[in-house]
Amino acid sequence: LNSTFTTYKQIGEPWYGHDGNLVVSVAFSPDGRTLVTGGGGDNSVILWDASTRQMLGKMMGHTDLVTAVAFSPDGTRILTGSDDNTARLWDAKSGIEVAQLKGHTWPVKSVAFSPDGKTIAYFGWDNVRAEVRMCLLKTADGINYTYEALSVVVPAGAGLFVRGAIGALQFASNTELFYGSRR
């Protein structure tokens with residue numbers, strides 16, 4: 001490993017918008033023009049214009065800290081996860097919640113879209129066990145969504161316990177899901 005560290009200079013002033021100034025998760029839209037952040041003492045999700053740094057909208061609905069955010073590959077939807085044990089799907093343009101994925105037994109710490117945007121995955125853990133859920137999104141009109149649970153994956157080995165708890169999810173293809181250990 002290279003043990004040389006570079007110190008970078010901050011560019012511009014910090015962005016403010018989340019109550020409590022706590023930002024836990026950040027993601028760029030596929031075109032790089034919009035930024036979504038999750039966190040805050042108000043459990044909000046905020047959309048930002050990446051070039052002007054102006055707030056475009058604030059989405060409310062989670063009842064606890066927002067810990068994960070992701071844009072769909074086409075940039076039309078946002079998936080969020082929270083310590084309220086839910087993942088939520090939002091319309092990126094209107095900011096309206098279009099689906100709430102319940103049934104997770106622990107706080108949701110990571111979320112991901114498949115490359116085709118039709119499948120989502122979300123992950124949670126409670127310091128003892130880990131749980132990954134995959135769902136197929138369904139829509140008739142492109143606005144209202146339902147979902148069909150595809151599987152619940154409890155990974156074997158180190159991923160089950162807190163010292164090797166999953167820290168991130170990433171799709172390798174439309175059906176293959178990777179998870180990264182947080183140590």
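One structure accompanies this document, and this report is about it. On a predicted model such as this, the values are computed, not experimentally measured, just so you know. (Residues numbered from 1 in each chain as written. Predicted model: local features only at pLDDT ≥ 70, side-chain atom pairs only at ≥ 80, totals over all residues. Heavy atoms only, no water.)

Our focus in this paragraph is the pairing of strand β7 (residues 87-91). With respect to burial, β7 is a largely interior element, four of its five residues being buried. What sits between β7 and strand β8 (residues 97-101) in their antiparallel hairpin is a turn of five residues, with Gly95 showing a positive phi close to 80 degrees. (Buried < 20%, exposed > 50% of the residue type's maximum accessible area, 1.4 Å probe, protein only. Helix = DSSP H or I, 4+ residues; strand = E, 2+ residues; numbered from the N terminus. Pairing = 2+ DSSP bridges.)

Attention now goes to the nonpolar core. When a protein is soluble and globular, its nonpolar side chains tend to lie buried together. Residues Leu79, Leu89, Val111, Phe113 and Tyr122 are the most contacted members of the largest nonpolar core, which totals 13 residues. Counting residues per element, the ones that place at least two in this core are β5 (66-71), β7, β8, β9 (108-113) and β10 (119-125). If we skip the residues at most four places from it in the chain, Leu79 touches Ala68, Val69, Ala70, Ala87, Arg88, Leu89, Val111, Ala112, Phe113, Ile120 and Ala121. Counting residues in hydrophobic clusters, the runner-up holds 11 residues, among them Val45, Met59, Phe71 and Ile78. (Core = buried A, V, L, I, M, F, W, Y, C linked by side-chain atoms within 4.5 Å. Contact = heavy atoms within 4.5 Å.)

We now examine the sheet that holds strand β1 (residues 23-28). Read from one edge of the open sheet, four strands run β1-β2-β3-β4, paired in antiparallel fashion. What marks the edges here is a single partner per strand, and that holds for β1 and β4 (55-59). Averaged over all pairs of adjacent strands, the angle between strand axes in this sheet comes to 20 degrees, irrespective of strand direction. Where β1 lies against strand β2 (residues 34-39), five bridges are found, and the strand directions are antiparallel. Looking across to β2, one finds that Phe28 is bridged to Leu35. (Axes fitted to C-alpha atoms, helices over the stretch in contact; angles between N-to-C directions.)

Another aspect to go through is the side chain of Arg77. Tracing the backbone shows Arg77 in strand β6 (residues 77-82). Polar side-chain contacts of Arg77 include one of 3.2 Å to the backbone oxygen of Gly117. (Polar contact = N/O pair within 3.5 Å; in protein donor to acceptor, adjacent residues only side chain to side chain.)

Considering only enclosed or pocket space, the largest pocket measures out at about 270 Å³ in volume. Together, 18 residues line the largest pocket, and Thr34, Leu47, Ala92, Lys93 and Ser94 are the ones closest to its centre. With four residues, β4 is the largest single contributor of residues to the lining of the largest pocket. Counted by class, the lining of the largest pocket contains six nonpolar, seven polar and five charged residues. When its volume is computed, the second largest pocket comes out at roughly 180 Å³. (1 Å grid on protein atoms, 1.4 Å probe; cavity = no way out; pocket = protein on both sides within 12 Å on 5 of 7 lines; lining within 4 Å. Points joined across faces, edges and corners; volume = space filled by probe spheres on them. Nonpolar A, V, L, I, M, F, W, Y, C, P; charged D, E, K, R; others polar.)

A full pass over the atoms with the stated rule returns four salt bridges. Here Asp42 and Lys58 are joined by a salt bridge, their closest N and O atoms 2.8 Å apart. Placement of Asp42 in the loop between β2 and β3 (44-49) and of Lys58 in strand β4 is noted, with a sequence separation of 16 residues between them. Since its relative accessible area comes to 14%, Asp42 is described here as buried. Residues Lys109 and Asp83 are paired through a salt bridge, measuring 2.6 Å at the closest nitrogen-oxygen approach. Here Asp83 lies in the loop between β6 and β7 and Lys109 lies in strand β9, a separation of 26 residues in the sequence. Taken together, the shared-partner salt bridges in this structure form one network comprising Asp84, Arg88 and Glu97. (Salt bridge = Lys/Arg side-chain N within 4 Å of Asp/Glu carboxyl O.)

A few words now on unusual backbone geometry. Unlike most non-glycine residues, Asn43 shows phi in positive territory, near 60 degrees. On the basis of relative accessible area, Asn43 is assigned to the buried category, the value being 17%. The backbone of Asn85 shows a phi angle near 75 degrees, a positive value even though the residue is not glycine. The residue Asn85 is located in the loop between β6 and β7 in this model. Asn85 sits in the partly exposed class, given a relative accessible area of 24%.

Coordinates in, geometry out; function isn't part of it.
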